[in-house]
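Observations on chain architecture
Below, each chain spelled out in residue letters.
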Amino acid sequence: MLDVAIRISTGLFMLALIFNLYRVLAGPSMPDRIAALDTMYVNSIGLIIIFGIWLNSKLYFEAALLIAMLGFISTVAVCKYLLRGDIIE
Amino acid sequence: MTLLLIVLLPLLGTLVPLIGIRAGRTYCAWLTALLPAVALGITLYLAPLVFSGNVPQFFLPWIPQLDLHLALRLDGLSLLFVLLILGIGLLIILYARYYLSEQDSMGRFYAYLMLFMTSMLGIVTSNNLLLLWFFWELTSLSSFLLIGFWSHQSDARKGARMALTVTGAGGLSLLAGFLLLGQIVGTMDLSVVLQSGDQVRSSPYYLYALVLILLGAFTKSAQFPFQFWLPKAMAAPTPVSAYLHSATMVKAGVFLLARMFPVLAGTDLWFYFVALTGLVTLLYGAYFALLKQDLKGVLAFSTISHLGLITMLFGLNSPMAAVAGVFHIINHATFKASLFMAAGIVDHECGTRDIRKLNGLWRYMPYTTALATIAAASMAGVPLLNGFLSKEMFLSESLDAHMLGGLSWLIPALATLGSVLSAAYSLRFIHDVFFNGEPKNLPKKPHEPPRYMRLPIEILILLCIVVGLFPSSTVSGLLNAAVTAVVPAGYEPEIDLAIWHGFNLPLLMSAIALGGGILVYALRHYIYNFHRQFRSQDPNVIFEASTQAIVRVAQQAIDRFENGSLQRYMFWLLLTALGFSAYGLIESPRLSGNLPAQSIDWAVAVGAGMLCLSGLATVFFHRRRLISLIMLSVVGMLVSLAFARFSAPDLALTQLAVEVVTMILLMLALFFLPQKTPKESSGRRIMRDVLLAGAFGGVVASLNYAVLTRPLQSISSFFLENSVPGGGGHNVVNVILVDFRGFDTLGEITVLGIAGLAIFKLLNRLKLFMPSSDMEGRPWSPERFPAILASMAQSLLPLALLVSVFIFLRGHNLPGGGFIAGLVAAATLILLYMARGVEWAQQRLDFQFQPIAVAGVLIATLTGLGSWVFGYPFLTSAFGHFHIPLIGDVELATALLFDLGVYLTVVGATLMILANLGKVTTPHRPSKEKR
């Protein structure tokens, strides 16, 4: 049962990633791309968590935690760049 | 041990004059002379031992793998040369005290001189071929310094460079020859090599070894056609010429001939190469000595000529000729050194060395005239002086040479001709300079030199006369001892050093030489007129032209590859890598190995497709930098997903952390660059690059496939087995980083720390232009620090730091470690900087980042050094289990301390780079915007 659920959710997350990638590539505006990139981070967190559930391992939770944290920082950096140019002022 | 002192004392002596010069010039000279004098005393103390047939030796292993040892020997030949080097060296030190002017740095001069003396002593006492070569090169270097001592003169610089080039090239050839010789004999030990003459001569490599070694000897001893550097080296101060170019350095070549005589001599090849080269040099030098107008030029060419004579004697393959050669080395050193010193006095007191201006000096310096006349008479071969004895031996040996068959009479005839010319230029040297009218337009009024400047010449002239009068009671002992080292055992000739051998052919030849010399001198104007037809060619010009041509060709070759274009470097690098790996793939019979292929995971396949797509997009958008950067972070994220999927959580964590920090760094730098790059590449160029990149990618992919489908025996099993028992950690990656390959990591964090410091220094006080709007012309947002972001960042900080500490602490056993933890901490602090600005952050983080980075490197180094305290090698780690109440069983390893060093370095260096880069614009922000 769990196996089927994992397969289906993996598929859905992959689909989401593909859509995100399309948005990153197509744009058209810079904020579009940044939002898409941030969503990609979120979706990859989901993928890694599911992978961890599948392997029954706690280790992947931490990788997900780091992606959440560092992905946030990099999104902030790009946004700050758009707004102010100089990200550390 | 006493033997080592002979070489060691002058080496220590290089430091003496540098310190002693503070005590004044005279004291400096005396102090400098002290150590060589002690060495001379030691040599004299050892001399009776050598005379009785012993060979004192010294041995200290140096680099056994190369068969290079500090091995010294003092046989008769060495003894003779050591006495010459130290004895004449001491006289030169005295002479130079009065020769050098106030402007010359005496300390530096003496230091170079002592260095040269050491290397010369090393050559003659070495008992190891490689050690001998080592000292040989050292003489080239130290003579370069001495010849170029007056470095403000262009002549001196050029002469020094030429001497170094020629003798240095000869030295390389000598090294090759010695290596070959060592291969033939099987050892570099000179004592063994000297016993293996027959083995060497019958070896098929004999010819090559002979030619290479002779090239070394001939360049050093200025034999034809390498003679041109010696006259140019006369730009050196005269004490240097007297020491290097008459008594010692140029004798190193003939010393080598004498040293190698038992090993290489005795064949027809040896005769043709050595004797004929010597004969040509003898005549060439003598002829040009007659023509030169420069006092030192005459002496330089006469030295070339006499070196040719000695070389020829060694080439004649007879023991008696070798004796004559050794004897002439002594005699030439004494009379030529005194002649050089006399020339130096004339130059010093008259201000010129031009023979056309110098005339009739005997009225002004009668004493010097007398000394120079005796020395020149000895050079000409006048009886009752030492030069006569060896020259007569030379003439008599030339009669015994039959190697040229029916033309053998040429050898004594040409030898006599050489002696005639020798007598003629000796006469010219004396008559033109000291007699023959009155001096013309001298810059100074000549007078006798200081008393002690003449003393060295007097001592040498005394030797000339005493040896000339009583040869058998003075030098025959030394000569005997030297000859036993040169001539194979059992062939020692009976040395008969008498002035009078009765009326015989050599005496007649001597008489012809002297009479002919006077005649040639009388008719010299015909020779000058004859020679004037030839256009004289300055070897300097030819040498410089050829040097420049070589440099130009080399530069062109370099420019083809290294033209400063990064694209070009990448092109060559990839092309080379492509060539080699493609060749490797072509060599293997088939692409896939024996391992069965795994079933395709469709999620991975889709991910791989996305990875390719975003990689291509990065390149496609490369002219719009920000989009390209975003595509790059998509690539990074997908790669870390791939790492996670294939069970490498460590790598996934590292990849993520590095990705973010890199992105921030790039954006900081991007701000100062144009947002769009112009179109730079032509269509053809893009085509070329796409082809190369595609081919390279294809080859790497094939290579990967080939490797993955074959069973692989790697060293990873070692790490897996030893990680827990050896390093005390379950996380193999971390144990490798901090334990197995800890030394690598130490080097890496040191580099990181240095790079951080360098960037900090480079950015210091840098002011950069700041655009006032973004690329689409919109003004910057007026809100500097959005409140939501600020509060988010602040609340994230403690959590993130906790995560960082957690990852750091458990890194030894589970994914994590100092590097990742450090990057996480740095990224979080940077977030604070972004949200609150540099000013706010620095008020609260009131410490510098540089000390943190440095402390990190120090902690790691000290951890490594700590294992020395317990008697273990550098960076040995220790670990143990401790029970702490409430927390439980805890494992502590010294590796954790090392990892702490890594952590601190990463945090310190990263923040040092990013925060400082961010600070560049802060004080100069345009004030147009609203606050």
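Residues numbered from 1 in each chain as written. Chains lettered and ligands numbered in written order. Predicted model: local features only at pLDDT ≥ 70, side-chain atom pairs only at ≥ 80, totals over all residues. Heavy atoms only, no water.

Moving on, we come to the overall build of chain A. When you go through chain A residue by residue, the secondary structure sums to 3 helices and 0 strands. When its helices and strands are written in sequence order, chain A yields α-α-α. Out of the 89 residues belonging to chain A, those deemed buried represent 53%. Counting only contacts in chain A whose residues sit at least 6 apart along the sequence, the fraction spanning at least 24 positions is 46%. (Helix = DSSP H or I, 4+ residues; strand = E, 2+ residues; numbered from the N terminus. Buried < 20%, exposed > 50% of the residue type's maximum accessible area, 1.4 Å probe, protein only. Contact = heavy atoms within 4.5 Å.)

Take the overall build of chain B next. Within chain B, the secondary structure is distributed over 37 helices and 4 strands. Going through the 931 residues of chain B one by one, you find that 52% of them count as buried. In chain B, of all internal contacts separated by at least 6 residues, the share reaching a separation of at least 24 is 78%. When the accessible surface of chain B is split by element, carbon and sulfur atoms take 68% of a total near 42300 Å². (Areas by Shrake-Rupley, 256 points an atom, 1.4 Å probe, with all protein chains shown as cover.)

Attention now goes to the interface of chain A and chain B. Between chain A and chain B, the residue contacts involve 44 residues of the former and 65 residues of the latter. Across the chain A/chain B interface, buried area totals approximately 5000 Å², and carbon plus sulfur atoms make up 80% of it. Here chain A and chain B share 0 salt bridges between them. Applying the counting rule to chain A against chain B returns 2 residue pairs in polar contact (both at pLDDT 80 or more). Only helix 1 (2–26), helix 2 (30–55) and helix 3 (59–84) of chain A provide two or more residues apiece to the side of chain A that touches chain B. Along the lines of polarity and charge, the residues of the side of chain A that touches chain B split into 32 nonpolar, 5 polar and 7 charged. (Buried area = accessible area lost by both parts, 1.4 Å probe. Salt bridge = Lys/Arg side-chain N within 4 Å of Asp/Glu carboxyl O. Polar contact = N/O pair within 3.5 Å; in protein donor to acceptor, adjacent residues only side chain to side chain. Nonpolar A, V, L, I, M, F, W, Y, C, P; charged D, E, K, R; others polar.)

Residue and element names in this part refer to chain B. Throughout the structure, instances matching the rule amount to 26 aromatic pairs over all chains. On the basis of an interplanar angle of 75 degrees and a centroid distance of 5.0 Å, the ring pair of Phe81 and Phe255 is categorised as edge-to-face. Remark: Phe255 occurs in helix 13 (residues 249–264) and Phe81 occurs in helix 4 (residues 76–99); sequence separation between them is 174 residues. For Phe81, a relative accessible area of 1% gives the class buried. Between Phe808 and Tyr903, the aromatic rings sit 5.2 Å apart at their centres with planes inclined by 45 degrees, giving tilted as the arrangement. (Phe/Tyr/Trp six-rings, centres within 6.5 Å; stacked < 30°, edge-to-face > 60°.)

Attention now goes to the packing of helix 34 (residues 787–809) of chain B against helix 37 (residues 894–919) of chain B. Residues and elements named next belong to chain B. As a packed pair, helix 34 and helix 37 sit with axes 10 Å apart at the nearest point and diverge in direction by 140 degrees. The pairing of helix 34 with helix 37 is recorded here as oblique in orientation. Considering how the two elements wind past one another, helix 34 and helix 37 form a crossing that is right-handed. Mapping the contact onto sequence places Ser804, Phe808 and Leu809 in helix 34 and Leu896, Asp899, Leu900 and Tyr903 in helix 37. (Axes fitted to C-alpha atoms, helices over the stretch in contact; angles between N-to-C directions. Parallel < 35°, antiparallel > 145°, perpendicular 65-115°, else oblique. Left-handed = near helix turned anticlockwise from the far one by under 90°.)

In this section: the nonpolar core. Core analysis: the largest hydrophobic core is formed by 195 residues, its most contacted members being Phe178, Leu181, Trp229, Leu264, Trp270 and Phe314 of chain B. If one sorts the elements of this core by residue count, helix 16 (residues 319–350) of chain B sits on top with 19 residues. In this structure, Leu181 of chain B is in contact with Leu129, Val193, Val200, Ile213, Met260, Val263 and Leu264 of chain B, ignoring residues within four places of it in sequence. If you look at the next biggest cluster of nonpolar residues, it comprises 102 residues, including Ala77 of chain A together with Ile820, Leu823 and Phe898 of chain B. (Core = buried A, V, L, I, M, F, W, Y, C linked by side-chain atoms within 4.5 Å.)

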